[in-house]
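Analysis of the macromolecular model
Single-letter residue listing:
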Amino acid sequence: MEQNPVLEIRNLSRTFAHGAVRAVDQIDLDVQPGEIVSILGPSGCGKTTTMRIIAGLDLPTAGEVRILGKNVAGKPPHQRNVGLVFQSLAIFPHMSVKQNVAFGLRMQGLARNLIEAKVAKALELVQLSPEKFAGRRPSELSGGQLQRVALARTLVTEPALVLFDEPMAALDRRLRDYMAVELRSIQKQLGLAAVYVTHDQETASMMSDRVIIMNAGKILQAGTPEEIYETPNSKFVSDFLGDTNTLRIERVLEQKDGKSLVQTNAGVTIRVANSGDIGEGAFVIFRPEQTIVYPADPGGAFEGEVVSSQFRSGLHRWQIVLRGGNKLIAQSTENRLASSAGDTVWVTIDPGKARIVRQ
Amino acid sequence: MSMPTATGRFGIEWQLVKGITCMLLALMLAPICMVLVISFTSGETLQFPPPALSLRWYQEVWTMLVGPDAGIGRLRESLLVSLEIAALTSLVCVLAGVPTSYALVRYRFAGKTVIEELIGLPVVFPAVVLGIALLVLVSASDLNFGIFQIVAAHSIIGLPFLMRNCMAAMRGIDPMLEEAAMTLGASAPKVFREIVLPLASGGIGSGAILVFILSFNEFTLSYFLYSVDVFPLSIWLFQQANTSFSPAVFAVSSLIVVVNVAAVLVVDAVIGSRGSAA
Amino acid sequence: MTAIESSITPLQSMENDAPIRKPQIGLLLIPSGMLIGLLLVCALVVLRMSVGERDAEWTGWSLKAYVQLASARNIGIIIDTIWMALLSALITTLVAFPIALFLTRTTSTLARRVVLIAILLPMIISLLVQSFGWMAILGPNGLLNQAISAATGIERPLSLLFNRTGVLLGLVQTSIPLAVLPAAAALRSIPISLEEAANVLGANRIRTYRHIILPLAWPGMAAGAILVFGFNTGAFAVPLLLGGLKVTTIAVVIRDQMGSLSNWPLGAALSVLLILLALAVQSLNRLIVRTNAEIKE
């Protein structure tokens, strides 16, 4: 049986300065039960505004937000049944951990013993021992522990939808990855529907069932993290998700069976995995790991010069300048060449992976 | 904190600054100190230095306050009225100033700067004019407002002081805390009660104490608005200054000084702890 | 109120084209609005009475009171009041400077707090209490005269109280914090490095004061001086208690005219004058603060 979406956003817009600034521009978005959807984009892309509108902290200029099928227009935040974990965490400094977590339940008017039990359970869920932490003040907690309190405080109210506003931005990389994995497992365990707003594509990929890329108030692309990483529909999306090599297309030589053969400004023709009407100023894009570097010409390869090479986290990377002046990055798990700066190398591109995109 | 440097903190210059400051402060506090010392005299007059020290005038004051004849000298009555006026004034200023402070700190709206200007007006408004105009209004109304005519006058001049403290405290509250409370199911009044009030309580409290001190010591407005039934302590002291002038008055004054210093220390502690936390 | 409510926007969302949820800002403003409203009514009352006829302040219309303002006696009192306020502002600012220097330079938090409390007490503590103290020091039989007569044998050599000296002393003493706090704020904003640079460049301390510290601290000191001036143009309690009957200020005359002399229009006209002075002082003060802020940016 098809379940109804938890969240439906239709044609949502939010303008500022009497329409001059379009922070959110006619976006549509659904979140299904048990699904985490990440909204990923640079700062100022409208992702936070979208989230604030969902929570009722800001109001749209046009469009509709439905939660569990009900239009929430005109409903204040406290009547929406939407939880929000803030970037600053917004832990109440004048309350103990227990009082923080109990706050939402108290607002619901639950009986005291019920609150006690739920708070203890929520703290255990986020792996804070109630005996040890319930009485502590926020000032006595570490960043990671505050994170858990914020999470417990939101989850304990059992909201229909949980919104995360980059709550892990302040944590260092390792703790962030650890928390992301843990958050993901809690979400699965509870079957939560959630929207995760972030500019950090790694966290978004780790956390989400689906990712939505936003820029300048518009949704550029939506899909699973793999889909978007593998088949970005624009240079912007590709750039945003990781290192991207770009070659300008001079001429499309052939399009057949959904594949293309193009002439690039690097002087070499490339086979790419997609086709379509790409118009003027299109690009071939491919990732550093979709290249192979040779010390001798294997035929049909780009000739270039190694500018620098690094070894990091088990990966070899080379910065290469091609004959036509294009720069590209190549990457491999094995050190194919003992090349150092100044050596001439040849590069080929995995034809099954390279893609053509519009400007 | 920047590192202390040698510039202007050593040598003759610094000794001079320190010396002059101490001298000036001594001069500023001289009258208050005189009152304190003379209140302990054993003699009948205000002579200085006192012939010997004793607590006889404090015993006298004690009798004036709680003795069988306490009603005659009116000291007890005046003290109670002054305390009542000061407490009510603090209360009125808190009730009036806290919501307005919140509106001014949290929202932008047309006419906001005008309102901010108006709130600061009582600080510069001449007290004599306020006192006289209120007296004219009260007489014209033909009503008996009791202590409330003085409470109203004191509340007007106390409001900016309460609000300055209150707004400083409210500016320090992260708006996200209020939004977090909203998303956790708190309605606007509950957000105010559960988040804003507790977090601003230090500023509100110190402001309220400040207003209390201000009202308790206030003379000019009380001078115009007192009546036979409402006879504040400052007016009692004024009357004493013009009639009998025994060391007992100095003992009463000393007690007032002690109460004031204690209140200032409390405010200082509250503001100081807030300052160091920020 | 409706005009105010209709243009309310939430703090974070800047301007908004959408119909938005309005918090009841009007309600939040009402209680304090009542107090401020009462103050404005008071201002209107004296304004109305000042253009009324004597004994018909509410019904008659006349500018006689303002003509009376220009009488030699009243002009004298007005000039006298302004002169004393100016003098007190000048002295207070001079006295405040070393104290402000001390406050900014001391590294001891305790010393700073003690000094702050010490300058606040004379402003806060009932003037009555302090006037008793001054009487004990400066009065005819006070400490000072006793000392002088013991040394010189002159009976009651000095009369310091119940005249202008006493009043001036009181005015300075009660308004010290008004001058110290802005001066200290201005001094604090002078980077130590500037002073050091001046020293390195060979300026001695006196030249450093003249060319670096005073020019940079002057807006703060001026703001303080203006505040003291404004505060003391309306002086009532100090002249009443320390001036005996010899020192008359505008405020004391207002009391007399509205009270025993029952020339209400004249008292009201003087009140209007005091209000205007206060407003002028407030505007001037804001102007200095604003220009100073612009310079700093």
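Residues numbered from 1 in each chain as written. Chains lettered and ligands numbered in written order. Predicted model: local features only at pLDDT ≥ 70, side-chain atom pairs only at ≥ 80, totals over all residues. Heavy atoms only, no water.

Bringing the overall build of chain C into the picture now. Counting secondary structure elements, chain C contains 13 helices and one strand. Along chain C, helices (α) and strands (β) appear in the sequence α-β-α-α-α-α-α-α-α-α-α-α-α-α when read from the amino end. Relative to all contacts within chain C whose residues are 6 or more apart in sequence, the contacts with residues 24 or more apart total 64%. Summed over all atoms, the accessible surface of chain C reaches about 13700 Å², with 69% contributed by carbon and sulfur. (Helix = DSSP H or I, 4+ residues; strand = E, 2+ residues; numbered from the N terminus. Contact = heavy atoms within 4.5 Å. Areas by Shrake-Rupley, 256 points an atom, 1.4 Å probe, with all protein chains shown as cover.)

Right, let's get into the pattern of salt bridges. Enumeration according to the criterion identifies 31 salt bridges over all chains in this entry. The salt bridge partner of aspartate 25 of chain A is lysine 218 of chain A, with a shortest N-O separation of 3.1 Å. Placement of the pair is aspartate 25 of chain A in strand β2 (residues 21–31) and lysine 218 of chain A in strand β10 (residues 218–223), with a sequence separation of 193 residues. Residue aspartate 25 of chain A is classed as buried on the basis of its relative accessible area, which comes to 10%. Look at lysine 218 of chain A and you get partly exposed, because its relative accessible area is 39%. Between glutamate 179 of chain B and arginine 52 of chain A there is a salt bridge; the shortest N-O distance is 2.7 Å. (Salt bridge = Lys/Arg side-chain N within 4 Å of Asp/Glu carboxyl O. Buried < 20%, exposed > 50% of the residue type's maximum accessible area, 1.4 Å probe, protein only.)

All names here are of chain A. Most of strand β1 (residues 7–16) is tucked away: eight of the 10 residues are buried. Looking at chain direction, β1 and strand β4 (residues 62–67) are connected through five bridges and run antiparallel. What sits directly across from glutamate 8, in β4, is arginine 66. Examined bridge by bridge, β1 and β2 share seven bridges and lie antiparallel to one another. In the strand pairing of β2, phenylalanine 16 is matched with valine 21. Count of turn residues in the β1/β2 antiparallel hairpin: four residues, of which alanine 17 carries a positive phi of about 50 degrees. (Pairing = 2+ DSSP bridges.)

Quick look at a nonpolar patch on the surface now. A grouping of Ile75, Ile79, Trp83 and Leu86 of chain C is seen on the molecular surface, where their side chains present a nonpolar patch of about 390 Å² in accessible area. Topologically, leucine 86 of chain C is positioned in helix α4 (residues 72–105). (Patch = residues over 30% accessible without salt bridge, like charges linked within 9 Å, V, L, I, M, F, W, Y side chains within 5 Å.)

Turning our attention to the confidence of the model for chain C. All names here are of chain C. In this model, chain C carries a mean pLDDT of 82, and residues with pLDDT of at least 70 account for 90%. Across residues 1–21 the pLDDT falls below 50, and counting only partners more than four positions away or on other chains, this stretch makes 56 contacts in the model. Both confidence scores are given for the complex: pTM 0.84, ipTM 0.88. (pLDDT = per-residue confidence, 0-100.)

Attention now moves to the interface of chain B and chain C. At the interface, 84 residues of chain B touch 80 residues of chain C. Buried surface at the junction of chain B and chain C, summed over both partners, amounts to about 7400 Å²; 79% is from carbon and sulfur atoms. Linking chain B with chain C are two salt bridges, by the criterion used here. Among the ionic pairs, glutamate 13 of chain B bridges to arginine 105 of chain C, the shortest N-O distance being 2.9 Å. Remark: the boundary between chain B and chain C carries nine residue pairs in polar contact (both at pLDDT 80 or more). Residue composition of the side of chain B that touches chain C, grouped by class: 62 nonpolar, 14 polar and eight charged. (Buried area = accessible area lost by both parts, 1.4 Å probe. Polar contact = N/O pair within 3.5 Å; in protein donor to acceptor, adjacent residues only side chain to side chain. Nonpolar A, V, L, I, M, F, W, Y, C, P; charged D, E, K, R; others polar.)

So, on to the packing of α4 of chain C against helix α5 (residues 109–124) of chain C. All names here are of chain C. Relative to each other, α4 and α5 sit at 150 degrees, their axes nearing to 9 Å. Here α4 lies roughly antiparallel to α5, going by the angle between them. α4 and α5 meet at a crossing whose hand is left-handed. Residues Ile99, Phe102 and Leu103 of α4 lie in contact with α5, whose contacting residues are Ala111, Arg112, Val115, Leu116 and Ile119. (Axes fitted to C-alpha atoms, helices over the stretch in contact; angles between N-to-C directions. Parallel < 35°, antiparallel > 145°, perpendicular 65-115°, else oblique. Left-handed = near helix turned anticlockwise from the far one by under 90°.)

With that settled, the discussion passes to the pairing of strand β17 (residues 315–322) of chain A. Residues and elements named next belong to chain A. With eight bridges connecting them, strand β16 (residues 302–312) and β17 associate as antiparallel partners. Looking at the pairing, phenylalanine 311 lines up with histidine 316 of β17. Counting the residues in the hairpin turn of β16 and β17 gives two residues, including serine 313, whose phi is positive at 45 degrees. Relative to strand β18 (residues 327–332), β17 runs antiparallel, the two sharing six bridges. Its bridge partner lying in β18, histidine 316 is registered against serine 332.

This part is about the domain arrangement of chain C. Residues and elements named next belong to chain C. Domain assignment breaks chain C into domain 1 (1–50) and domain 2 (63–296). Taken together, the five residues of domain 1 in the interface contact 10 residues of domain 2. Both sides of the domain 1 and domain 2 interface together cover about 540 Å² of buried area, and 79% of this is carbon and sulfur. Area buried by domain 1 at its contact with domain 2 is led by Val46, Met49 and Ser50, which between them contribute 85% of it. For the pair domain 1 and domain 2, the interface holds zero salt bridges. Our count for the contact surface shared by domain 1 and domain 2 stands at one residue pair in polar contact (both at pLDDT 80 or more). Of the residues that constitute the side of domain 1 that touches domain 2, the class distribution is four nonpolar, one polar and no charged. (Domains from an automatic or database assignment.)

So, on to the state of the cysteines. Per the counting criterion, the structure on display carries zero disulfides over all chains. The structure places no disulfide on cysteine 93 of chain B, whose sulfur is separated from the nearest cysteine sulfur, that of cysteine 166 of chain B, by 11 Å. (Disulfide = S-S within 2.5 Å.)

This part covers the side chain of arginine 52 of chain A. Looking at the secondary structure, you find arginine 52 of chain A in helix α1 (residues 47–55). Looking at arginine 52 of chain A, its side chain comes within polar contact range of the side chain of glutamate 179 of chain B, at 2.7 Å.

What follows deals with the sheet that holds strand β7 (residues 161–165) of chain A. Residues and elements named next belong to chain A. Here six strands make up an open sheet; going across it, the order is β6-β7-β8-β3-β9-β10 and the pairing mixed. A strand with exactly one partner marks an edge of an open sheet, and here the two such strands are β6 (82–85) and β10. Mean inter-strand twist for the sheet, computed between neighbouring axes without regard to direction, equals 20 degrees. Inspection of the sheet shows strand β3 (residues 36–40) paired to strand β9 (residues 210–215) by four bridges, in the parallel sense. Within β9, the position partnered with leucine 40 by the bridge is isoleucine 213. Sitting on the sheet, α1 is in contact with β3, β6, β7, β8 (194–198) and β9, with an inclination near 150 degrees to β7.

All names here are of chain C. Structurally, isoleucine 148 can be placed in helix α7 (residues 143–152). Its relative accessible area of 25% is what places isoleucine 148 among the partly exposed residues. Sequence separation between isoleucine 148 and threonine 59 is 89 residues, and the spatial gap between their C-alpha atoms is 59 Å.

Another point: the packing of aromatic side chains. Considering all chains together, one arrives at 16 aromatic pairs over all chains under this definition. Ring geometry for phenylalanine 219 of chain B and tyrosine 223 of chain B: centres 5.6 Å apart, planes at 45 degrees, overall tilted. Across the pair, tyrosine 223 of chain B and phenylalanine 219 of chain B agree in class, each one buried. Three or more aromatic residues link up through ring pairs in this structure, and these residues are Phe219, Tyr223, Phe224 and Phe238 of chain B together with Phe236 of chain C. In this structure, arginine 153 of chain A is placed above the aromatic ring of phenylalanine 92 of chain A, and the distance from its NZ or CZ to the ring centre is 4.5 Å. (Phe/Tyr/Trp six-rings, centres within 6.5 Å; stacked < 30°, edge-to-face > 60°. Lys NZ or Arg CZ within 6 Å of the ring centre and 35° of its normal.)

The next subject is the nonpolar core. Grouped together as the largest cluster of nonpolar side chains are 171 residues, with contacts concentrated most on Leu7 and Leu161 of chain A. Of all the elements, helix α7 (residues 148–171) of chain B adds the most residues to this core, at 12 residues. The residues touching leucine 161 of chain A, leaving out its near neighbours within four places in the chain, are Val6, Leu7, Val31, Ile54, Asn81, Val82, Gly83, Ala193, Ala194 and Val195 of chain A. With 40 residues, the next largest nonpolar core counts Leu25 and Met28 of chain B together with Leu103 and Ala184 of chain C among its residues. (Core = buried A, V, L, I, M, F, W, Y, C linked by side-chain atoms within 4.5 Å.)

Moving on to the sheet that holds β1 of chain A. Two pairing modes exist for strands in a sheet, parallel and antiparallel, and in both the strands are linked by backbone hydrogen bonds. Residues and elements named next belong to chain A. Overall, antiparallel pairing links the four strands, which are arranged β2-β1-β4-β5 in an open sheet. Each of the sheet's edge strands pairs with one partner strand only, and the pair in question is β2 and β5 (70–71). Where β4 and β5 come together, two bridges link them in antiparallel fashion. Note that in β5 the partner of isoleucine 67 across the bridge is lysine 70. Lying on the sheet, α1 is in contact with β1, β2 and β4; it crosses β1 at an angle near 120 degrees.

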